[in-house]
Amino acid sequence: LLQVEPMYSLEAMDQQFIFQHGDEIDQVLWKKFWQMNQRYHTICLPCIQRRTKREQNELIEDNVSSDEPGLLAKEGKLNQTNIAILKQWYETAKTRKVIQKDS
């Protein structure tokens, strides 16, 4: 299976649009801008799974190494609530792993 993804995030496109056209809200102008500047690529399901797994591992490694927000949080993909939940899950998983080793 293949999935089509935009190459540029909505936020990046919005910033570029504002840079070029100011804060003007013009749907026709935005649509033309999008069509001229946005590019797409296809990605296969195994590649999506590898990317997701890599991002999860980076997040876990980053949160293990410090109390600072993780890689995804720095990119704005996670809010503080998400980070707190992930930390709790991680600590629970570590506890379970220790208990399993002791059994």
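All residue numbers refer to positions counted from 1 along the written sequence of the respective chain. Totals for whole chains, interfaces and linings use all residues, but because this is a predicted model, local features are given only for residues with pLDDT of at least 70 and pairs of side-chain atoms are given and counted only at 80 or more. Each side-chain value is worked out from all heavy atoms of the structure, with water and hydrogens disregarded.

Turning our attention to the overall build of the chain. Helix and strand assignments come from DSSP, with helices taken as H or I runs of at least 4 residues and strands as E runs of at least 2, each series counted from the N terminus. Across its full length, the chain carries five helices and two strands. Tracing the chain from N to C terminus, the helices and strands come up as β-α-α-β-α-α-α. Under the scheme applied here, a residue whose accessible area is under 20% of the maximum for its type counts as buried, over 50% as exposed, and between as partly exposed, the area being computed with a 1.4 Å probe on protein chains only. Burial analysis of the chain (103 residues in total) assigns 14% to the buried set. Here the analysis covers contacts within the chain between residues at least 6 apart in sequence; of these, 52% occur between residues at least 24 apart. Per-residue and other accessible areas follow the Shrake-Rupley method at a 1.4 Å probe size, with only the shown protein chains counted as cover for residues. About 8600 Å² of surface is accessible on the chain, with carbon and sulfur atoms providing 55% of the total. The criterion used for residue contact is that any of the two residues' heavy atoms lie within 4.5 Å.

As a further point, take the pattern of salt bridges. Note on definitions: salt bridges are taken to be side-chain nitrogens of Lys or Arg within 4 Å of carboxyl oxygens of Asp or Glu. Taken as a whole and judged by the stated rule, the model has one salt bridge. Its salt-bridge partner being Arg-51, residue Glu-5 comes within 2.7 Å of it at the nearest N-O pair. Of the two residues, Glu-5 is situated in strand β1 (residues 2-6) and Arg-51 in helix α3 (residues 45-65); the sequence distance between them amounts to 46 residues. Glu-5 sits in the buried class, given a relative accessible area of 12%.

Our focus in this paragraph is the environment of Arg-51. On the basis of relative accessibility, which here comes to 25%, the residue Arg-51 falls in the partly exposed class. Sequence-distant contacts of Arg-51, defined by excluding residues within four places in its chain, comprise Glu-5 and Ile-43.

Bringing the packing of aromatic side chains into the picture now. Working definition: rings of Phe, Tyr and Trp (its six-membered ring) pair if their centres are within 6.5 Å, and the pair is stacked with planes under 30 degrees apart, edge-to-face with planes over 60 apart, and tilted otherwise. Under the defined criterion, the tally for this structure stands at four aromatic pairs. The interplanar angle of 65 degrees and the centroid separation of 5.3 Å between the aromatic rings of Phe-17 and Phe-33 together place this pair among those described as edge-to-face. Of the two residues, Phe-17 sits in helix α1 (residues 10-21) while Phe-33 sits in helix α2 (residues 27-37), which places them 16 residues apart along the sequence. You'll find Phe-17 and Phe-33 in the same group, each marked buried. Aromatic rings pair up to connect Phe-17, Trp-30, Phe-33 and Trp-34 into one cluster.

It helps to recall that an α-helix has 3.6 residues per turn; residues three or four apart then point in one direction. Here α2 lies mainly on the outside; one of its eleven residues are buried. For α2, the capping residue at the N-terminal end is Asp-26, with a side-chain oxygen 3.1 Å from the backbone nitrogen of Val-28. In protein, a polar contact means a hydrogen-donor-capable atom and an acceptor-capable atom, both N or O and within 3.5 Å, with residues adjacent in sequence counting only if both atoms are side-chain atoms; elsewhere, any N or O pair within 3.5 Å suffices.

Between its first and last C-alpha atoms α1 spans 16 Å; for twelve residues at 1.5 Å apiece the expected length is 16 Å, and the two agree. Within two residues after α1, Gly-22 carries a phi angle of roughly 75 degrees, on the positive side. Here, expected helix span is obtained from the residue count minus one, scaled by 1.5 Å.

Moving on, we come to the side chain of Gln-38. Turning to its location among the elements, Gln-38 is positioned in the loop between α2 and β2 (40-44). Judged by relative accessible area, Gln-38 falls into the buried class, the value being 4%. At 3.4 Å, the side chain of Gln-38 and the backbone nitrogen of Met-7 are in polar contact. Here Gln-38 is in contact with Pro-6, Met-7, Tyr-8, Met-13 and Phe-33, once residues within four sequence places are set aside.

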